[in-house]
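Residue strings, one per chain:
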2 protein chains.
Amino acid sequence: MVSIYDIAKAVGVSASAVSYVLSGRADKARISKEKQKLIMDAANRMGYIPNMTARKLSLRNMPRLPEIALCWSPEQHPMFLNTFIGILQDMTSNGLVRQMQFTILPYRNGELEKLAPALTANYYNGIIIPPVSEQDIEFLKNTDIKVPTVMLYGDIPQYHLVTVDNYSIGTEIAGIFHRHGCRSAALMQPASRQMSITVAQRTAGFLEGCRKSGIDAREVTSLSNETYTNKIEEGRILAAKMLEENTLPSAIYIQHDTLALGALAVFCGHGIRIPEDMEVIVYGNNESLEIHKPSVTTVQYPTQEISRECITVMAELLDKPGAEPVRRIVETPFVFRESCPP
Amino acid sequence: MVSIYDIAKAVGVSASAVSYVLSGRADKARISKEKQKLIMDAANRMGYIPNMTARKLSLRNMPRLPEIALCWSPEQHPMFLNTFIGILQDMTSNGLVRQMQFTILPYRNGELEKLAPALTANYYNGIIIPPVSEQDIEFLKNTDIKVPTVMLYGDIPQYHLVTVDNYSIGTEIAGIFHRHGCRSAALMQPASRQMSITVAQRTAGFLEGCRKSGIDAREVTSLSNETYTNKIEEGRILAAKMLEENTLPSAIYIQHDTLALGALAVFCGHGIRIPEDMEVIVYGNNESLEIHKPSVTTVQYPTQEISRECITVMAELLDKPGAEPVRRIVETPFVFRESCPP
DNA sequence: GTGAAAGCGCTAACAC
DNA sequence: GTGTTAGCGCTTTCAC
């Protein structure tokens, strides 16, 4: 990395002159125009990029905010990140939590390991990770992160946790289908490069619940090597496949809101009456499910509450680093609508 | 701020001992158990939070990534941030752009000014700002940011720009309605605390286009002091209001995708035939519009392309800081569907 | 086991 | 106008 000293040497001036010019305060130090140009040119030529770390350290009167790394995989629910930032903005401006600075560390599901250097180097005051794939959980279990770390979903003993009770969601849905006298049920879920543990937990709960209730349950999903332009299309294709096979169950639990919109479009388009022919429950939080005809019973994916809880826990941890790992389970309310009455 | 020296003094040991203990390497320096405990306790008691800036500066072998501030208002399109991070992850892992570190600076529309200290202090290697309100534009015009700065939407001479041609979108839609022989048109838009300039530009284009074509155009929007649980509900209420007034236009241009879903639910529920009774064009990128019955003609809000362009521009700027401001206009393709044929 | 001291790259007060 | 120098708070080597 080229520093202001390199430039100073190259141009034949002192480092402070370079500093003044490159941080836009040349006038303040009354550096001559010619020297300014020489310095600017050299900086450009040599590919100088200021080291903000050093700059910040020397800037005395700047507020020093704790830096939190927010590991983020775009395969999360597409609205979640926006919700998270919204809640953060809200809580901070209302003085509910201390100010913090969030840096996004993007990763793909299953490739969290690539962030290992940043995570293990004590580079941040805190870390937030929503590890959704088994592989990432495995990596985290075997990694020694020494700064306060909050997991979403992935229950790993040494770290703090904010999650929902995915397994119970599955069994409760199975229970509802059972009470309604359903004999057969389907479980529809999106394909992904890496099976999400949250989906897997709900799946396990649902299948176990069905088994106990004597409901004949089967999974509907696409091969992971197929690709779709979006979740709507995937839902349509999965639904079409079910119709082709001509073995519609009396109830279906769809694990993803947008997927559900696609699937429902096909079911309704083929004259399947919901809930008479088939009851539908969806996990997610897409507002469209509310105005869908018929309106759709959902288990709410509580992104707002998860965000709030996560931010709260992180803010508390900063002040007591050695604290015992906390476990916070966020509620997932059922919202009963036409597609599956209570 | 309490430093390791404060702790060292309080406990009566050297700063290096404190450093070892607090960064989890006490064993490496063979610090006695008692001293470790004393140091830990003092740190907790005194509310010590490590200064990551200093830590990073002294860590020699860490990769130094340019730090980019991403100013973000949650009032942006809810999927945009996720898309942005997804594209970033993609471009970086494919080696299309250099590695960068993104820090999120949350703000509310109209309150960008509160970020002024962070923006003007040369605290970041680059800054990205999507200023959507007039007030924030005004603030930026009068602010001297010295680091490479990319604006989305807000055209301000001294900064770089990535945007779409909002005005033309408005006029083109008016032109389509005109070609179809519409005599009257409505323009529906979401209420917001701060009128978004992008919405305002499309509005201006549309109204001017209507005026030139002799279309009688009127705006439908809610009072900014009303609040809604979500955009769907807002759309439903706006549509209901139009039905009450019993003056349906022959075409409507809806400025927001989710708002449109709510409004369309009401229109269709009241037997309004689309496009026969009323043509509909929507600006946005919600996938549901594609499977809506009838499917909805949209002008695509190209969040992916905007993100890609923005990241590209920023990466280029880092290497040539003094460059002339660039202007990149991203295409906004029309997708014609049933609600308004070409 | 422990502490002194050098250095990370930069800013800014100050001397010239 | 320009250069010297003392920090910013931390890590890490090395001497004791």
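The structure displayed is predicted, hence computed values, not measured ones.

Reading guide: rules and limits
- Residues numbered from 1 in each chain as written.
- Chains lettered and ligands numbered in written order.
- Predicted model: local features only at pLDDT ≥ 70, side-chain atom pairs only at ≥ 80, totals over all residues.
- Heavy atoms only, no water.
- Near = heavy atom within 4 Å.
- Polar contact = N/O pair within 3.5 Å; in protein donor to acceptor, adjacent residues only side chain to side chain.
- Helix = DSSP H or I, 4+ residues; strand = E, 2+ residues; numbered from the N terminus.
- Nonpolar A, V, L, I, M, F, W, Y, C, P; charged D, E, K, R; others polar.
- Pairing = 2+ DSSP bridges.
- Contact = heavy atoms within 4.5 Å.
- Axes fitted to C-alpha atoms, helices over the stretch in contact; angles between N-to-C directions.
- Domains from an automatic or database assignment.

Would you explain the protein's contact with DNA strand D in this entry?
Around DNA strand D sit 27 residues, and of these A:Arg30, B:Ser19, B:Tyr20, B:Tyr48 and B:Arg55 come closest. The separation between a phosphate oxygen of DNA strand D and a polar side-chain atom of A:Lys35 is 3.3 Å. The contact in question runs from a base nitrogen of DNA strand D to an N or O atom on the side chain of B:Tyr5, over 3.1 Å. Every element with two or more residues in the surface near DNA strand D is listed here: α4 (52-58) of chain A together with α1 (4-11), α2 (15-22) and α4 (52-58) of chain B. Residues that form the surface near DNA strand D fall into these classes: ten nonpolar, ten polar and seven charged.

Just to check I follow, could you spell out the sheet that holds strand β9 (residues 279-284) of chain B for this structure?
Residues and elements named next belong to chain B. Spatially, the six strands line up as an open sheet ordered β7-β6-β8-β9-β10-β12, and their pairing is mixed. At either end of the open sheet lies a strand with only one pairing partner, and these are β7 (216-221) and β12 (334-335). Bridging between strand β10 (residues 297-300) and β12 involves two bridges; their strand directions are antiparallel. By the bridge assignment, Val299 is partnered in β12 with Phe334. Relative to β9, helix α8 (residues 166-179) is tilted by about 165 degrees, and along the sheet it contacts β6 (184-189), β8 (251-254), β9, β10 and β12.

Explain the sheet that holds strand β6 (residues 184-189) of chain A here, please?
Residue and element names in this part refer to chain A. With mixed pairing, six strands are arranged side by side in an open sheet as β7-β6-β8-β9-β10-β12. Of all strands in the sheet, those bounded by a partner on one side alone are β7 (216-221) and β12 (334-335). Helix-sheet contacts for helix α11 (residues 257-269) involve β6, β8 (251-254) and β9 (279-284), and the interaxial angle to β9 is about 155 degrees.

Sorry, what's going on with the domain arrangement of chain A here?
Quite often, the size of an interface is put as the accessible area lost when its parts meet. Entries for chain A in the domain assignment read domain 1 (4-58), domain 2 (67-164 + 304-329) and domain 3 (166-300). Measuring from the centre of the C-alpha atoms in domain 1 of chain A to the corresponding centre in domain 2 of chain A gives 38 Å.

It is not clear to me how the protein's contact with DNA strand C should be interpreted in this structure. Could you clarify?
Taken together, 28 residues form the shell around DNA strand C, and within it A:Ser19, A:Tyr48, A:Arg55, A:Ser58 and B:Arg30 come nearest. Close to the protein, within 4 Å, the atoms of DNA strand C are drawn from sugar and phosphate at a rate of 64%. A:Asn51 is positioned with one of its backbone polar atoms (N or O) 3.5 Å from a phosphate oxygen of DNA strand C. Here a base nitrogen of DNA strand C sits 3.2 Å away from a polar atom, N or O, in the main chain of A:Ala54. Of all the secondary structure elements, the ones that give two or more residues to the surface near DNA strand C are α1 (4-11), α2 (15-22) and α4 of chain A together with α2 and α4 of chain B.

Would you explain unusual backbone geometry in this entry?
Across the chain, the bulk of peptide bonds are trans and the bulk of non-glycine residues have phi less than zero. Cis geometry is found at the peptide bond from B:Ile274 to B:Pro275, where omega equals 10 degrees. Position of B:Pro275 relative to the elements: it lies in the loop between α11 (257-269) and β9. Of note, the bond from B:Lys293 into B:Pro294 is cis; its omega dihedral lies within 30 degrees of zero at -10 degrees. Positive phi values are uncommon outside glycine, yet A:Tyr153 reaches one of about 80 degrees. Relative to the elements of secondary structure, A:Tyr153 occurs in the loop between β4 (149-152) and β5 (160-164). With phi around 55 degrees, B:Asn122 is a residue other than glycine that occupies positive phi space. By secondary structure assignment, the location of B:Asn122 is in the loop between α6 (116-120) and β3 (126-129).

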